[in-house]
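Okay, here's what each chain looks like letter by letter:
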Amino acid sequence: MWYAIEGFDGSDVLPRRLAARPEHLARLTALRDEGRLLLAGPCPAIDAEDPGPAGFSGSLVIAEFGSLDAARTWAEADPYVAAGVYTRVEVRPFRRVLP
């Protein structure tokens, strides 16, 4: 089943986000290579493609896991969690309709 994983950034975490980004992207690349990633990306903190020093308000990942518990376990192991970028992470089942 698909799961929506939404991480919410804390304040002034852009340097930590940038430092943890390579490890974060490696995990997403592994999901993609396994055919389990529908989409992933950050949410700019301002209405701009490149928010610059304003940074990001969080990230959204929609990926396939065997269970809600498996999705939560994967999300809790994210480098952004370990680095203190995310203040909270929400994981919810997602039903893909389109495309």
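Residues numbered from 1 in each chain as written. Predicted model: local features only at pLDDT ≥ 70, side-chain atom pairs only at ≥ 80, totals over all residues. Heavy atoms only, no water.

## Comments concerning the layout of surface pockets
Thinking step 1. Taken as a whole, the largest pocket spans an internal volume of roughly 240 Å³.
Thinking step 2. Lining the largest pocket are 13 residues, with Arg17, Arg21, Leu25, Pro42 and Tyr80 sitting closest to its centre.
Thinking step 3. Of all the secondary structure elements, the ones that give two or more residues to the lining of the largest pocket are α1 (14-33), β2 (37-44) and β3 (56-64).
Thinking step 4. With six residues, the single largest contributor to the lining of the largest pocket is α1. (1 Å grid on protein atoms, 1.4 Å probe; cavity = no way out; pocket = protein on both sides within 12 Å on 5 of 7 lines; lining within 4 Å. Points joined across faces, edges and corners; volume = space filled by probe spheres on them. Helix = DSSP H or I, 4+ residues; strand = E, 2+ residues; numbered from the N terminus.)

## Comments concerning helix α2 (residues 68-76)
Thinking step 1. Residues of α2 that are buried: Ala71, Trp74 and Ala75. End-on view of α2: buried residues confined to an arc of 100°, all on one side of the axis. Turned more than 90 degrees away from the buried face of α2, the exposed residues are Asp69, Thr73 and Glu76.
Thinking step 2. Of the surrounding secondary structure, the elements contacted by the buried residues of α2 are β1 (2-9), α1, α3 (79-82) and β4 (86-94). (Buried < 20%, exposed > 50% of the residue type's maximum accessible area, 1.4 Å probe, protein only. Arc of directions from axis to C-beta. Contact = heavy atoms within 4.5 Å.)

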